[in-house]
Amino acid sequence: MVNSIGIFLYLLFKTNNMKLKIISAALIGLVIYSCSPKIAPQVAEARTEAVADVKPTLPPDIAEGKGIFENNCAKCHKLYDPKSYSRQNWIPILYDMQKKAHLSDAEIDKVLAYVSYQ
Ligand code: HEC
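No experiment lies behind these values; they were computed from the predicted model shown.

Topic: unusual backbone geometry
Here His102, not a glycine, exhibits a phi torsion of approximately 55 degrees, which is positive. Tracing the chain through its elements places His102 in the loop between α4 (87-101) and α5 (105-115). For His102, a count of 8 C-beta atoms within 10 Å puts it in the exposed group.

Structure follows, in structure tokens:
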């Protein structure tokens, strides 16, 4: 199929014969038209598979908090396991660590959302 399209395109651009150009263009149109209904369900199918393959991911804000946590919170000590502390215990710790890690309020809020997301 790709080969015949190639040949038509070659003829279309090489020839000076106007009739041949029109016929080639019509044939290319026909090939594209006749292929499209077959392609569409395949694309839809591929998309469904891709979605099914994706592992359950964190919500965007939580994922962002995880990124901030991993990039900023292991500079001075090991990365603490979020599950080591309850949300109530994390709040004063993060208040303390925010100053050490020089994070904004918005950033530390996302870290808190991440560590208390389990
Ligand atoms: C500039 C260095 C530094 C950075 C950056 C830092 N910490 Fe700490 N962290 C410390 C020090 C020092 C201690 C122990 C003394 C203390 O509690 O202040 C500590 C203690 C802790 C503890 C134990 C607290 C307790 O009471 O048991 C946790 C949990 C913790 N950090 C989490 C974090 C998190 C989360 C971040 C990122 C937001 C972070 N740290 C960033 C220096 C840092």
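Past the structure itself, the notes keep going.
Looking at the nonpolar core
Soluble globular proteins: nonpolar side chains tend toward being buried together. Counting residues in each nonpolar core, the largest one holds 8 residues, listed as Ile68, Phe69, Leu94, Ile108, Val111, Leu112, Tyr114 and Val115. Residue assignment for this core shows that the elements contributing at least two residues are α3 (60-72) and α5. For this core, the leading source of residues is α5, giving 5 residues. Setting aside anything within four residues of it in sequence, one finds Leu94 in contact with Ile108, Val111 and Leu112.

Some points on the site of the ligand
Close to the ligand lie 15 residues; Cys73, Cys76, Met97, Lys100 and Ala101 are nearest. Counting only elements with at least two residues in the shell around the ligand, the list comes to α3 and α4. The element best represented in the shell around the ligand is α4, accounting for 6 residues. Of the residues contributing to the shell around the ligand, the split by class is 10 nonpolar, 2 polar and 3 charged.

Parameters and conventions
- Residues numbered from 1 in each chain as written.
- Predicted model: local features only at pLDDT ≥ 70, side-chain atom pairs only at ≥ 80, totals over all residues.
- Helix = DSSP H or I, 4+ residues; strand = E, 2+ residues; numbered from the N terminus.
- Buried ≥ 20, exposed ≤ 12 C-beta atoms within 10 Å, placed from the backbone.
- Core = buried A, V, L, I, M, F, W, Y, C linked by C-beta atoms within 7 Å.
- Contact = placed C-beta atoms within 7 Å.
- Near = placed C-beta within 6 Å.
- Nonpolar A, V, L, I, M, F, W, Y, C, P; charged D, E, K, R; others polar.

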